[in-house]
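# Fold and geometry: a report
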2 protein chains.
Amino acid sequence: MEIKKKTCFVLFYMCCFLACVAKGLDKPRITLNAEDNIFRNYSLGGNHSRVELLQGPSDTTLYVGGDGKLFLIDFQKRNHSEIPLTYNVTLMHRYPNTQYLYVCGTHGEPVCCNVSMKLTNSSEPLPAQGIAPFGVDEQAPSLFIEDELYTTASYEKSGSKIGIRRWSDGSMGSIWSNQENTQDLRYVALAWSGPKENKLQDKVYAFMWEKNPDPSREAELWVPLVTQICKVDRGGPKSCLQKSWTSHLRARLSCGIPDRKLYFSKLVDVTILYAERWNEGRAYALFSNGWNMSAVCIYTLGDIDRVFTTSSFREHPGQVPQPRPGMCVSDSTKLPRDVLKMMMGPLEMQEWVKPVGDRPLIISRHQYTRIEVDSVMAVDGTQYSVLFLSLEDGRIHKVLEVMGQFFIIAELNVFQRKTVIQNMLLQNSTKKLYVSNGVEVLEVDLHACKKYGTQCVDCVQARDPYCGWDAISQTCTAASSGTIQDVQHGDFRRCEDLPVSSALHSLPFVTEVPLQAAHFLNCPMRSGHAEYNWYYNDDSQGCVSTDKGCLLLIETMGPDHDGKYECKASEGGYERTVALAQLQTAGRAAGLPPPLAGAVCLLSCFTFFL
Amino acid sequence: MEIKKKTCFVLFYMCCFLACVAKGLDKPRITLNAEDNIFRNYSLGGNHSRVELLQGPSDTTLYVGGDGKLFLIDFQKRNHSEIPLTYNVTLMHRYPNTQYLYVCGTHGEPVCCNVSMKLTNSSEPLPAQGIAPFGVDEQAPSLFIEDELYTTASYEKSGSKIGIRRWSDGSMGSIWSNQENTQDLRYVALAWSGPKENKLQDKVYAFMWEKNPDPSREAELWVPLVTQICKVDRGGPKSCLQKSWTSHLRARLSCGIPDRKLYFSKLVDVTILYAERWNEGRAYALFSNGWNMSAVCIYTLGDIDRVFTTSSFREHPGQVPQPRPGMCVSDSTKLPRDVLKMMMGPLEMQEWVKPVGDRPLIISRHQYTRIEVDSVMAVDGTQYSVLFLSLEDGRIHKVLEVMGQFFIIAELNVFQRKTVIQNMLLQNSTKKLYVSNGVEVLEVDLHACKKYGTQCVDCVQARDPYCGWDAISQTCTAASSGTIQDVQHGDFRRCEDLPVSSALHSLPFVTEVPLQAAHFLNCPMRSGHAEYNWYYNDDSQGCVSTDKGCLLLIETMGPDHDGKYECKASEGGYERTVALAQLQTAGRAAGLPPPLAGAVCLLSCFTFFL
């Protein structure tokens, strides 16, 4: 039985998931707040119902399309220009080799216009049915590639007639899709397969979900799908599929633990990490399930391509005609009749596209809403993926993908209060993440490493591939060839040969506490993965975990509380003293220095514990 | 479409579930620990791999069957007698109208013997294949009713050949089941339908799970089932089903939110609450799912009976023979051939048994392991059900079922440390709950009401149907006709006409705190459903929630911290002052009393806030 064969592995995997949850390894290691100064924010002067983001003409600039306005924000100079629009922006692309942007949106009716890159002038808006959506709430991804625009907006105000359309002035012409007259599906992302060795086989992939047509009790509510179309598709002949796709195939995406019948079927967001070799490109797909849990599954473009080019066709058990349906041909108007006939219905592959490692990279009780991914080269030359996952309350998790596991490097509380993140844009070239909630836009510097701490160990245990320890300047800084880093394991021993601060174990001043008074000692908790403990004369006292730190509460001061207190943090086999204090019941001892303000000494020095 | 029709209700229900989780209403209101003295414990002098519990001959006594021993514990006198056995106990029943217990178990081979009620002597153990299991780990429920023993233990050492067997010396004779040669099913509980008006139709119901034979991708891993057999079934004639059930039907149990395709399919435990009218009897079934979540669904015996007596038969679409298969007849050996033929396979109903209210009573992220239920009459004569749900770490949740909702009255931390609860027994007549982890047995007094607090409001807001406020003795005590109680809403206004303690708002002594010293004020948090806040000169300061209480931390004392502090708890529209303090920077003021120990005054008085 299939169930029995894989039980061990699956149990192990689920145990890992549950153990991770129990051990708190699904918690962020570090929490960074607005006060930590790693964000620059810019107000949009109002609350925009939708926000589109596009890299500006220079590294520090960003286009932001909102309600009736297009901004060009310069985060360095802290200024912006803006141009009014008669509609709300839903789509922005830059024309290659021109000084214009293509900006579309809706004022109840979809429209587009050309706007100069410096926002000095705009053309008259023209109707754009099928390019931009009618409603500002409709997510409709688009792709602008090699002078061709691919769009997925619904063609009717009711939100129906949804399909992929190509708009082109070139020889291929426009294609108006085998659109489906339904509201029960939505496109989530578009991706380009290429450039391939054989340009003829370049494809556009679309990630989407639809309501499961299967009404049976146990069928999932949603079906996540990837579809393909050929870039060279020019539609069928006059008699059949004229100006419609003749290469449109669909395949289901699998994300879950099939052996335990645990699935994630609602596709939430997808982002593509292109690679030098096209087939190593990866689609990072964010899913949710009915329990408000999240999962991230990764699909390689090569695996997707393999399913489309080799799987049998669902509900077509017979002979497959030639050329194989969905194969790209130089002139699709000349396809044989039997191939065209098969392409008329939605043609689905029998095989599902499975994720890398046959299982989700992440299963989490967090409710993630968007995903962005960056590829970062570590000091040793290894490429790591770093995921940015927004939460429903405005926080962002920065997550390292390492050896098929995940590690939450940091939680970014970019906004001061709970809010809904409308959009995120990762700028790989400048290592900046842009985030907007419709009210303001933030620029997050992914190279801001100082916040991990002032010691080599802090920097190495952070496992942030963007960051390394510079032994000369003694700071945690942007990773470069000379810096110390261990993304793979975060092993503190990488730091061992370095000099240790000399302030080690210096005793703090004595604090006098009145007899029978209440007093507390606070131990700051930087790492969500460390264990903190207060020691009184070397006896562990535990501590009370709070948002502020780990507290040792002395309810009633007395001579039996006199003495030395030490707070130690232990993480990954490394123990350090984080805080020291000496308490003395007031008026009992002589020859001691007077009480001192803030006498809990927060050490900037560390002890090695091997 | 079915999905659309019910969306509103289902979304509302899921929102409720998620809102409850968010609001913390799925948290226990009160936590009771071993120190609260509501438990009496008794050590078993060793660690027993399995523990069976049976009410003893008097109200304060309990039989405990363990590894090679049978105990009779008297919790009042705090003593016990014991008798050694050559096996580990797995089953205990009391013979009606005799002085003997029927005690079975296993020493590798299943055996049974008779033991005198006072544990003074035991008969020789006799082989008992099919009565007791071979392995001590095998849960195999049994039912002893009207001189007949129904058992479900596997008939072979391998754990296979599982079925329901009847052992009887009476006219009905023993029945040796249409047992199934599999390890992929287990019985969870047996129940009696009766006594019915028509004794002929008395049935025994069995609750069980089996591995889903459907291998398809989306089919659930497990199938929860209820089966029936007629008490008067004496098997078929010699030629067909001789000494086997001729009335064995099965029906699937539904537990989940079908409209969102969210199901609980692993049956964990079942307990029956019998009613005066047999068909109002309720089976409380505890389920889990693959995400380690729990659900409780309630099925009435009447609904179960209705499915068996009216539903069509799965995979038997044609004419139903007469008498209807599964109907109890006075002499089953004379059943017509076509009826007997249908009864040879496992005959399953087309219709599923749906839970009361068509949805689970409880959906929880807690991992519950066992369930017991008590029926409690409130002061106003209403019957309420109180559920006792054990957690995987040894805690117990005491849960009120009220108007189709649940309310976690209390969390009982009965054991000092994390442990696995092996068994629970609710004694309805004495209102005691017995719990064992194999090392000790605890008696929990369900009438221990004082711990809710010293005020009428504490008692009424507890919503515990076992407890009421006695205005004369001014205590929260066992509910009786004169006591004040509001199980339905926990509305504090029930207490309004009562005198309020006169200590109201009396100012506490001043505590002097040295300049720049750290100081904290603690506000005890009794209720997990209340909101706590510290106020400084009437300005809310919030507080830091900890296990110890809600803390107000003053990191550096100074004159701007001088003044009056008040901690208020707000719950169900009622606000009370829980703690008061006055702080004064040391050495600044004159004419004030000297600093006093423990100057945070924990009020035993309350303010009404309307």
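The structure this text deals with has already been given above.
Summary of the structure given here. The shown structure was predicted, so the numbers you read here are calculated from the model rather than taken from an experiment. (Residues numbered from 1 in each chain as written. Chains lettered and ligands numbered in written order. Predicted model: local features only at pLDDT ≥ 70, side-chain atom pairs only at ≥ 80, totals over all residues. Heavy atoms only, no water.)

### Re the sheet that holds strand 6 (residues 79–94) of chain A
Residue and element names in this part refer to chain A. One open sheet accounts for seven strands, arranged 3-4-5-6-7-8-9; its pairing is antiparallel. Edge positions in the open sheet fall to strand 3 (52–55) and strand 9 (126–127), since each of these has one partner strand only. Note that strand 6 and strand 7 (residues 100–106) share six bridges and pair antiparallel. Its bridge partner lying in strand 7, Arg 94 is registered against Leu 101. (Pairing = 2+ DSSP bridges. Helix = DSSP H or I, 4+ residues; strand = E, 2+ residues; numbered from the N terminus.)

### Here we look at the relation of the copies chain B and chain A
Mapping chain B onto chain A is achieved by rotating through 180° and translating by 0.1 Å along the same axis, at an RMSD of 0.1 Å. Seen this way, the second copy is the image of the first under a two-fold rotation axis. When each C-alpha of chain B is compared by its distance to the rotation axis, His519(B) comes out closest, at 2.5 Å. In this assembly, 100% of the residues forming the interface of chain B have copies in chain A that are likewise at the interface, indicating an isologous arrangement. (Least-squares fit on C-alpha atoms with pLDDT ≥ 70 in both. Contact = heavy atoms within 4.5 Å.)

### Points about the interface of chain B and chain A
Facing the 45 residues of chain B at the interface are 45 residues of chain A. Each partner contributes to the roughly 4,300 Å² buried at the junction of chain B and chain A, and carbon and sulfur atoms together form 63% of this total. Put simply, chain B and chain A have zero salt bridges between them. Counting across the chain B and chain A interface gives 13 residue pairs in polar contact (both at pLDDT 80 or more). Secondary structure elements with two or more residues in the side of chain B that touches chain A: helix 1 (2–5), helix 2 (7–23), strand 18 (262–263), strand 34 (519–523), strand 37 (544–545) and strand 38 (550–554) of chain B. Split by residue class, the side of chain B that touches chain A holds 22 nonpolar, eleven polar and twelve charged. (Buried area = accessible area lost by both parts, 1.4 Å probe. Salt bridge = Lys/Arg side-chain N within 4 Å of Asp/Glu carboxyl O. Polar contact = N/O pair within 3.5 Å; in protein donor to acceptor, adjacent residues only side chain to side chain. Nonpolar A, V, L, I, M, F, W, Y, C, P; charged D, E, K, R; others polar.)

### Focus: the sheet that holds strand 8 (residues 110–116) of chain B
Pairing within the open sheet is antiparallel, and its seven strands lie in the order 3-4-5-6-7-8-9 (chain B). Two strands close off the open sheet at either side, each with one partner strand: strand 3 (52–55) and strand 9 (126–127) of chain B.

### Things to note about the side chain of Lys568(A)
Residues and elements named next belong to chain A. By secondary structure assignment, the location of Lys 568 is in strand 39 (residues 563–571). At 4.0 Å, Glu 575 is the nearest oppositely charged side chain to Lys 568, a buried residue that forms no salt bridge. Beyond its immediate chain neighbours, meaning those up to four positions away, Lys 568 contacts Glu 531, Tyr 532, Asn 533, Tyr 535, Glu 575, Arg 576, Thr 577 and Val 578. (Buried < 20%, exposed > 50% of the residue type's maximum accessible area, 1.4 Å probe, protein only. Lys, Arg positive; Asp, Glu negative; His and termini not counted.)

### Examining the pairing of strand 15 (residues 222–230) of chain A
Residues and elements named next belong to chain A. Among the nine residues that make up strand 15, eight are buried, leaving the element largely enclosed by the rest of the structure. Inspection of the sheet shows strand 14 (residues 203–211) paired to strand 15 by nine bridges, in the antiparallel sense. The residue bridging Val 204 from the neighbouring strand is Ile 229, located in strand 15. The pairing of strand 15 with strand 16 (residues 249–252) spans four bridges and is antiparallel. Along strand 16, the bridge assignment pairs Val 226 with Ala 251.

### What to know about the nonpolar core
Within the largest apolar cluster, 84 residues are counted, with the highest numbers of intra-cluster contacts made by Phe207(A) and Phe207(B). Ignoring anything within four residues of it in the chain, the contact list for Phe207(B) reads Tyr187(B), Val188(B), Ala189(B), Ala191(B), Leu225(B), Val226(B), Leu253(B), Leu267(B), Val270(B), Ile272(B), Ala283(B) and Ile304(B). (Core = buried A, V, L, I, M, F, W, Y, C linked by side-chain atoms within 4.5 Å.)

### Here's the deal with the side chain of Arg252(A)
Residue and element names in this part refer to chain A. Its place among the elements puts Arg 252 in strand 16. Of the residues examined, Arg 252 reaches a relative accessible area of 11% and is grouped as buried. Of the polar contacts made by the side chain of Arg 252, one reaches the side chain of Glu 348; its length is 2.8 Å. If near-sequence neighbours (up to four positions away) are discounted, Arg 252 is found in contact with Val 223, Pro 224, Leu 225, Arg 314, Glu 348, Trp 352 and Val 353.

### Brief notes about the state of the cysteines
Covalent bonding between the sulfur atoms of two cysteines is what defines a disulfide. Residues and elements named next belong to chain A. This structure, assessed with the given rule, holds 16 disulfides over all chains. Covalent S-S linkage joins Cys 449 and Cys 467, the inter-sulfur distance amounting to 2.0 Å. When the S-S torsion is -85°, as for the bridge of Cys 449 with Cys 467, the disulfide is left-handed. Taken together, the residues Cys 449 in the loop between strand 30 (440–445) and helix 4 (456–461) and Cys 467 in strand 31 (residues 467–470) connect sequence positions 18 residues apart. Using a relative accessible area of 1% as the deciding quantity, one classes Cys 467 as buried. In this structure Cys 113 is a free cysteine whose sulfur lies 7.6 Å from that of Cys 112, the closest cysteine sulfur available. (Disulfide = S-S within 2.5 Å.)

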